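# Structural characterization, general
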Amino acid sequence: MSPVLHISSDMNRNVVIHILESNELHAKTKFGQNFLCNEEIIKRIIEVSGVGPDSVCLEIGPGIGALTEPLSDLCSKLTAVEIDKELFSYLEKSLGDKVALYLSDYLKLKKDDYVEEPFDHILSNIPYYVMTGIMKKLMVDCGNAERMTFMVEDEAIARIICEPSTKQYGPLAVLVGVYGSAKREFTVPSDCFYPMPHTTSAVITLSRIDRGFEISDDFCSFVEAAFSKRRKTLSNSLSAYLSTVSVKMPLKEALKTIGLEENIRAEVLKPLDFVELYKLLLI
Ligand code: SAM
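So, how was this worked out
Note on numbering: residues in each chain are counted from 1, in written sequence order. The model is predicted, so local features are restricted to residues of pLDDT at least 70 and side-chain atom pairs to those at 80 or more, both for listing and for counting; the totals for chains, interfaces and linings are taken over all residues. Remark: hydrogens and water are excluded; side-chain values derive from all non-hydrogen atoms of the structure. When we say a residue is near a molecule or strand, we mean one of its heavy atoms is within 4 Å of it. Two N or O atoms count as a polar contact when they lie within 3.5 Å, although within protein this holds only if one can serve as hydrogen donor and the other as acceptor, and sequence-adjacent residues are included solely when both atoms are side-chain atoms. A 1.4 Å probe and the Shrake-Rupley method give the accessible areas. Residues count as covered only by the protein chains that appear here. Residues are said to line a cavity or pocket when one of their atoms sits within 4 Å of a point; the points come from a 1 Å grid over protein atoms alone, cavities being sets where a 1.4 Å probe fits but cannot get out and pockets being open sets with protein on both sides within 12 Å along at least five of seven lines. To decide whether a molecule occupies a pocket or cavity, check its atoms: if more than half lie within 2 Å of the grid points, it is inside. Buried residues of nine kinds, namely Ala, Val, Leu, Ile, Met, Phe, Trp, Tyr and Cys, make up a nonpolar core once their side-chain atoms join them within 4.5 Å. To sort residues, take the accessible area from a 1.4 Å probe on protein chains only and compare it with the maximum for the residue type: under 20% means buried, over 50% means exposed, and anything in between is partly exposed. Residue ranges for the domains originate in an automatic or database domain assignment. Note on contacts: a residue pair is in contact if any heavy atoms of the two residues lie within 4.5 Å. Secondary structure follows DSSP: runs of H or I at least 4 residues long count as helices, runs of E at least 2 residues long count as strands, and numbering of each begins at the N terminus. Where helices are involved, their axes are fitted lines through C-alpha atoms of the stretch in contact, as for all axes, and angles between N-to-C directions lie from 0 to 180°. In these notes the angle categories are as follows: under 35 degrees is roughly parallel, over 145 is roughly antiparallel, 65 to 115 is roughly perpendicular, and the rest is oblique. By definition, turning the near helix anticlockwise from the far helix through less than a right angle yields a left-handed crossing, and turning it clockwise yields a right-handed one. Residues are grouped as follows: nonpolar covers Ala, Val, Leu, Ile, Met, Phe, Trp, Tyr, Cys and Pro; charged covers Asp, Glu, Lys and Arg; every other residue, Gly included, is treated as polar. A pair of Phe, Tyr and Trp rings is counted when the ring centres sit within 6.5 Å of each other, with Trp represented by its six-membered ring. The angle between the planes then sorts it: under 30 degrees is stacked, over 60 is edge-to-face, the rest tilted. Two thresholds decide whether a charge sits over a ring: the Lys NZ or Arg CZ must be within 6 Å of the ring centre and within 35 degrees of the ring normal. Grid points are joined across faces, edges and corners, and a volume is the space filled by probe spheres set on the points.

### Some points on the site of the ligand
- Taken together, 21 residues lie around the ligand, and Leu-36, Gly-61, Glu-82, Asp-105 and Asn-125 are the ones closest in.
- At 2.8 Å from a nitrogen atom of the ligand is found a main-chain nitrogen or oxygen belonging to Gly-61.
- Expressed as a share of its isolated accessible area of 590 Å², the protein-covered part of the ligand is 99%.
- According to the grid-proximity analysis, the pocket containing the ligand is the largest pocket.

### Examining the nonpolar core
- By size, the foremost hydrophobic cluster in this structure holds 64 residues, and its most contacted members are Leu-58, Tyr-106, Met-135, Leu-138, Phe-219, Phe-222 and Phe-274.
- Viewed by domain, this core spans two of them, domain 1 (13–208) and domain 2 (217–282), each represented by three or more residues.
- Residues in contact with Leu-58, not counting those within four places in the same chain, are Leu-78, Thr-79, Val-81, Tyr-106, Tyr-114, Phe-119, His-121, Ile-122, Leu-123, Leu-138 and Cys-142.

### A look at helix α6 (residues 131–141)
- Among the 11 residues of α6, 8 are classified as buried, and the element is accordingly described as predominantly covered.
- Among all positions of α6, only Met-131, Ile-134, Met-135, Lys-137, Leu-138, Met-139, Val-140 and Asp-141 are buried.

### Focus on the packing of helix α9 (residues 217–226) against helix α12 (residues 271–282)
- Axis separation between α9 and α12 bottoms out at 11 Å; the angle between their running directions is 110°. With respect to α12, the element α9 is oriented roughly perpendicular. At the point where α9 passes α12, the crossing takes the right-handed sense. On α12, the residues touching Asp-218, Phe-219, Phe-222, Val-223 and Ala-226 of α9 are Phe-274, Val-275, Leu-277, Tyr-278, Leu-281 and Leu-282.
- Looking at the contact of α9 with α12, its residues break down into 10 nonpolar, no polar and 1 charged.

### Notes on the side chain of His-121
- Within the element layout of this structure, His-121 appears in strand β5 (residues 121–125).
- From its side chain, His-121 meets the backbone oxygen of Ser-49 in a polar contact 3.4 Å long.
- Here His-121 is in contact with Ser-49, Gly-50, Val-51, Ser-55, Val-56, Cys-57, Leu-58, Glu-146 and Arg-147, once residues within four sequence places are set aside.

### Some remarks on the packing of aromatic side chains
- What the rule picks out here adds up to 10 aromatic pairs.
- Ring centres of Phe-213 and Phe-219 lie 4.9 Å apart, and the angle between their planes is 80°; this geometry places the pair in the edge-to-face category.
- Aromatic ring contacts, followed pair by pair, group Phe-213, Phe-219, Phe-222, Tyr-241 and Tyr-278 into a single cluster.
- Geometry around Phe-186 places Arg-44 over its ring, the cationic atom sitting 4.0 Å from the centre.
- Here Lys-137 stacks its cationic end above the ring of Tyr-106, 5.1 Å away from the centre of that ring.

### Some remarks on the layout of surface pockets
- Looking at the largest pocket, its volume works out to about 740 Å³.
- Looking at the largest pocket, it is lined by 42 residues, and the ones nearest its centre are Phe-31, Gly-32, Asn-125, Ile-126 and Pro-127.
- Of all the elements in the fold, those that place two or more residues in the lining of the largest pocket are β1 (35–36), β2 (56–60), β3 (77–82), β5 and β6 (147–153).
- Take the lining of the largest pocket: its biggest share by element is 3 residues, from β6.
- Split by residue class, the lining of the largest pocket holds 24 nonpolar, 13 polar and 5 charged.

Written out as structure tokens, the structure is:
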């Protein structure tokens with residue numbers, strides 16, 4: 001194998017192709033690998049992420065390091081988790097000890113195994129197939145992070161940033177709404193990646209609002225159960241779930257306490273209604 005080519009601070013299409021070829025790497029569809037190859041976009045992502053010299057950052061899916069390299073120069077500590085062992089070996093050699101690198105499917109990583117100190121900034125250019133799982137896990141494991149910056153498929157944004165009573169509103173939008181405020185920052189055309197994906201992408205930021213409430217796995221299960229039968233009432237959707245846990249009061253009473261009707265459907269509840277209901281029933 002030829003010697004490792006160091007990541008250029010000027011990441012463009014030719015540089016990405018050269019890094020891949022000279023390190024005998026190739027983009028794997030099964031891991032959703034489309035590498036950023038536009039320096040302007042990389043700068044803008046870092047800008048909107050709010051990362052600064054004191055930031056403790058986590059990046060999921062560093063790829064060949066388009067964001068990782070500039071981030072590691074900017075922040076105080078950077079951890080990155082990559083699923084692909086060939087990319088991991090490349091990054092280990094090219095980044096040295098500037099980054100705490102983990103070779104793992106992020107979804108399988110236990111919190112205690114990678115969170116040494118709380119992260120305050122999270123960044124990820126996430127493949128669509130794993131987007132919901134990764135965002136959910138980040139909100140549970142790293143819910144105190146001040147900001148999360150994601151590159152996602154443009155079409156997926158409708159499921160992340162949306163209002164109650166809309167078709168797209170579901171568990172992911174509820175978790176995002178509980179975590180904080182979400183903003184669509186800018187569009188990223190497909191020619192900013194190598195290889196080019198079929199869809200347009202966009203960068204979004206989620207900024208934490210301290211609600212004195214931690215998003216837990218149990219809260220996620222509660223919200224998912226609430227949306228399990230979208231066309232039915234909340235009581236109907238939650239009945240199976242509530243029969244498996246010990247509740248502090250009947251659902252009917254909890255709904256009444258927060259001023260909601262007995263026959264309400266999950267899609268009408270605002271994110272913070274789910275928090276209030278969960279607290280009354282289960283905390
Ligand atoms: N951040 C790089 C960039 O912007 O050029 C790469 C982005 S590429 C769209 C997605 C990256 O996430 C790939 O490196 C892929 O191998 C990695 N990945 C996919 N699924 C993952 C998972 N479950 N856990 C960790 N990394 C994952």
